[in-house]
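# Examination of the molecular architecture
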Amino acid sequence: MKWSDIYDIAVELSEVHPDIDPQYVNFVDLRNWVLALDGFDDAPDRCGEKILEAIQSAWIEEVN
């Protein structure tokens, strides 16, 4: 997975962190959790606030 795989990342996060409400996740934790996902293989510095916002939004949609 790469940073551009927003939906796939959101699905993985919902599976790895089922008890977390993504609405309240800060971007530092979110970035670290994405980097720790199995199958994630992209440069940490290629991520910005807009990507994290998109991932968080997709994750919120995934759990609702």
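Our structure is the block above this text.
Residues numbered from 1 in each chain as written. Predicted model: local features only at pLDDT ≥ 70, side-chain atom pairs only at ≥ 80, totals over all residues. Heavy atoms only, no water.

Take the environment of Ala-54 next. You can see Ala-54 is positioned in helix H3 (residues 49-63). Ala-54 gets classed as partly exposed once you look at its relative accessible area, which sits at 31%. As a C-alpha pair, Ala-54 and Val-25 span 29 residues in sequence and 13 Å in three-dimensional space. (Helix = DSSP H or I, 4+ residues; strand = E, 2+ residues; numbered from the N terminus. Buried < 20%, exposed > 50% of the residue type's maximum accessible area, 1.4 Å probe, protein only.)

Our focus in this paragraph is the nonpolar core. Judged by nonpolar contacts, the single largest core of 14 residues is most densely connected at Trp-3, Ile-9, Leu-13, Leu-30, Val-34 and Ile-55. Of all the elements in the fold, those that place two or more residues in this core are helix H1 (6-16), helix H2 (27-36) and H3. With four residues, the top contributor of residues to this core is H3. Not counting residues up to four positions away in its chain, the partners in contact with Ile-55 are Trp-3, Ile-6, Ile-9, Ala-10, Leu-13, Leu-30 and Val-34. (Core = buried A, V, L, I, M, F, W, Y, C linked by side-chain atoms within 4.5 Å. Contact = heavy atoms within 4.5 Å.)

Now for the packing of H2 against H3. As a packed pair, H2 and H3 sit with axes 10 Å apart at the nearest point and diverge in direction by 80°. Judged on the interaxial angle alone, H3 and H2 are roughly perpendicular. Seen from H2, the contacting residues are Phe-27, Leu-30, Arg-31, Trp-33 and Val-34; seen from H3, they are Glu-49, Leu-52, Glu-53, Ile-55, Gln-56 and Trp-59. Taken together, the residues that form the contact of H2 with H3 break down as seven nonpolar, one polar and three charged. (Axes fitted to C-alpha atoms, helices over the stretch in contact; angles between N-to-C directions. Parallel < 35°, antiparallel > 145°, perpendicular 65-115°, else oblique. Nonpolar A, V, L, I, M, F, W, Y, C, P; charged D, E, K, R; others polar.)

Considering all chains together, one arrives at two aromatic pairs under this definition. Seen from their ring centres, Trp-3 and Phe-40 are 4.8 Å apart, and the 70° between their planes marks the pair as edge-to-face. Of this pair, Trp-3 sits in the segment before H1 while Phe-40 sits in the loop between H2 and H3, placing them 37 residues apart in sequence. Residue Trp-3 shares its accessibility class with Phe-40, and that shared class is buried. (Phe/Tyr/Trp six-rings, centres within 6.5 Å; stacked < 30°, edge-to-face > 60°.)

That's the geometry; what it means functionally is another story.
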